[in-house]
Amino acid sequence: MSDLEAPLIRPKRKKVWVDYFVQFRWIVVIFVVLPISFTLYFLTYLGDVRSNWKSYKQRQKEHDENVKKVVKRLKQRNPSKDGLVCTARKPWIAVGMRNVDYKRARHFEVDLSAFRNILEIDKERMIARCEPLVNMGQITRATVPMNLALAVVAELDDLTVGGLINGYGIEGSSHIYGLFSDTVVAYEIVLADGCVVRATKDNEYSDLFYAIPWSQGTLGLLVAAEIKLIPVKEYMKVTYKPVRGNLRDIAQAYIDSFAPRDGDQDNPEKVPDFVETMIYTPTEAVCMIGRYASKEEAKKKGNVTNSVCWWFKPWFYQHAQTALKRGQFVEYIPTREYYHRHTRSLYWEGKLILPFADQWWFRFLLGWMMPPKVSLLKATQGEAIRNYYHEMHVIQDMLVPFTRLVMLWSGSIMRWRYIPCGFAHTNCSSFPTRL
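Residues numbered from 1 in each chain as written. Predicted model: local features only at pLDDT ≥ 70, side-chain atom pairs only at ≥ 80, totals over all residues. Heavy atoms only, no water.

**Q** Explanation requested: the pattern of salt bridges in the structure shown.
**A** Considering all chains together, one arrives at 12 salt bridges under this definition. Note that Asp158 and Lys373 form a salt bridge whose closest N and O atoms lie 2.9 Å from each other. Here Lys373 lies in the loop between α14 (360-366) and α15 (374-379) and Asp158 lies in the loop between β5 (148-150) and α5 (161-166), a separation of 215 residues in the sequence. Residues Arg434 and Glu276 are paired through a salt bridge, measuring 2.7 Å at the closest nitrogen-oxygen approach. Here Arg434, found in strand β13 (residues 433-434), pairs with Glu276, found in strand β10 (residues 274-281); they are 158 residues apart in sequence, far enough to count as distant. Looking at Arg434, the relative accessible area reads 25%, which means it is partly exposed. Through salt bridges with shared partners, a single ionic network connects Glu155, Glu276, Arg341 and Arg434. (Salt bridge = Lys/Arg side-chain N within 4 Å of Asp/Glu carboxyl O. Helix = DSSP H or I, 4+ residues; strand = E, 2+ residues; numbered from the N terminus. Buried < 20%, exposed > 50% of the residue type's maximum accessible area, 1.4 Å probe, protein only.)

**Q** How should I be thinking about the side chain of Ser181 in this particular structure?
**A** Along the polypeptide, Ser181 turns up in the loop between α6 (174-177) and β6 (184-190). Contact partners of Ser181, with chain neighbours within four places excluded, come to Tyr187 and Pro213. (Contact = heavy atoms within 4.5 Å.)

**Q** Explain the nonpolar core here, please?
**A** One broad rule of soluble globular proteins: the nonpolar side chains tend to lie buried together. Judged by nonpolar contacts, the single largest core of 73 residues is most densely connected at Met136 and Tyr240. The leading source of residues in this core is strand β8 (residues 221-231), at five residues. Residue contacts for Tyr240: discarding those within four places in its chain leaves Val286, Cys287, Met288, Phe316, His319, Ala320, Ala323, Gly327, Gln328, Phe329, Glu331 and Ile333. Of all hydrophobic cores here, the second largest spans 13 residues; its members include Ile255, Cys287, Ile289 and Leu435. (Core = buried A, V, L, I, M, F, W, Y, C linked by side-chain atoms within 4.5 Å.)

**Q** Hey, could you run me through the sheet that holds β10 in this one?
**A** In a beta sheet, neighbouring strands pair by backbone hydrogen bonds and run either parallel or antiparallel. The five strands lie next to each other as β12-β9-β11-β10-β13, forming an open sheet whose pairing is antiparallel. Looking at the sheet topology across the chains shown, the edges are occupied by β12 (329-334) and β13. (Pairing = 2+ DSSP bridges.)

**Q** Looking at this model, I keep getting lost on the environment of Pro272. Mind explaining?
**A** With respect to the helices and strands, Pro272 occurs in the loop between α8 (247-256) and β10. Taking the relative accessible area as the measure of exposure, Pro272 reaches 1% and is therefore buried. Here the alpha-carbon distance between Pro272 and Gly172, two residues 100 residues apart in the chain, equals 9.9 Å. The contacts of Pro272, once residues within four sequence positions are left out, are His175, Ile176, Ser257, Phe258, Ile289, Gly290 and Arg291.

**Q** Any chance you could explain the environment of Thr433 here in plain terms?
**A** Structurally, the position occupied by Thr433 is in strand β13. Using a relative accessible area of 16% as the deciding quantity, one classes Thr433 as buried.

**Q** What's the story with the packing of aromatic side chains in this structure? I'm lost.
**A** The description of an aromatic ring pair uses the distance of the two centres, along with the angle that the planes make with each other. This structure, assessed with the given rule, holds 19 aromatic pairs. Between the aromatic rings of Trp26 and Phe356, the centroid separation amounts to 5.3 Å while the plane-to-plane angle is 80°, which identifies the pairing as edge-to-face. Pair noted here: Trp26 is in helix α2 (residues 26-53) and Phe356 is in the loop between α13 (349-353) and α14, with a separation of 330 residues, a long-range link. Trp26 sits in the partly exposed class, given a relative accessible area of 25%. A ring pair is formed by Phe312 and Phe364, whose centres lie 5.7 Å apart and whose planes are at 20°; its orientation type is stacked. In this pair, Phe312 sits in the loop between α9 (295-298) and α10 (316-321) while Phe364 sits in helix α14, placing the two residues 52 residues apart along the sequence. Given a relative accessible area of 27%, Phe312 falls into the partly exposed group. Among the aromatic residues, those joined into a cluster by ring pairs are Trp26, Phe356, Trp361 and Phe362. The side chain of Arg326 reaches across the aromatic face of Phe329, ending 3.7 Å from its centre. In this structure, Arg341 is placed above the aromatic ring of Tyr338, and the distance from its NZ or CZ to the ring centre is 4.1 Å. (Phe/Tyr/Trp six-rings, centres within 6.5 Å; stacked < 30°, edge-to-face > 60°. Lys NZ or Arg CZ within 6 Å of the ring centre and 35° of its normal.)

As structure tokens, then:
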């Protein structure tokens, strides 16, 4: 076996003090992080309500004033002395778990903290114009009551428009609409020299329009984005299908859930609105398909509705796992609750942080304070725990062409080319895995 194909075996390490600190970190999380997180969530909600009271005209006026402040700040920069431009946001505030070290070097900070308003929801153009710090919870709270939503909605409330554009966002509806950035029709960007430009796919800044996604903010400061809206209904009809077999069978079942073998991709009867598969073991998975449904359909006699976001309810990934015992079943979930089905548990990260947080007694007593804010978890972890997670803990999103997915999971593609799935299964036993 060549070195490239041989499994990478990590030698067993001895426990050190930081292992015990991580093991009992739940004490800090329960008594410090959760109360502060709940307070911040509540204050953010009040801020969103206050923003919604303002007219679109007032919000636009405030936006223009804030853009002028950014331009003025950039005009003060001396390129030969002040270093590279970056936002003033502290590294620990980002939702991502990776170490962000570039801000430790010399840099020129620009404050964008005021850019957190929905500037307009245009029902005629089906466009939402948002500032970069608008998060997914805020936008769904505003649009879903109108029976509208972004075409691609990230599951975690705290993920922001700016983060999903400058990083990347791929969610359960991406098989239809693409990445989050593919649903953007225009960017308002402040360049390093203070120029404010509006970039679209067919104007003079089209090169910037195509370069902004995944650029991590290196090309300019995003101050607004115009994003496609789609019509939605009040409920999501979710079908849970258990799958058993090897990883190749699971991958094929996932592909079949949204890609008809007859190639009829334009038939809405064959292509669901949302797809998701949770792999719980190398031989067991649950495929979920979601279709928008009206309130009248959901309330018909015999149909089951499930408000999955109540604090006392089982976490969604564990609820879906019950299909392995129950067999296939169908239920109707309120649309906004479906969008944010993984927020309370942070997918399954919540159990790593609070090992007992999924237990019924904790959900009833303290589940209403979940989830802890990722930014606060990072702010309270200290350098030693930060380095521990950097070495021992992997959170990795991967984009794989679905035409290669079956080959990837069956191991017929060299691991050195597609480290993610082959490495996760062979070396990390990384389950659950979400497709």
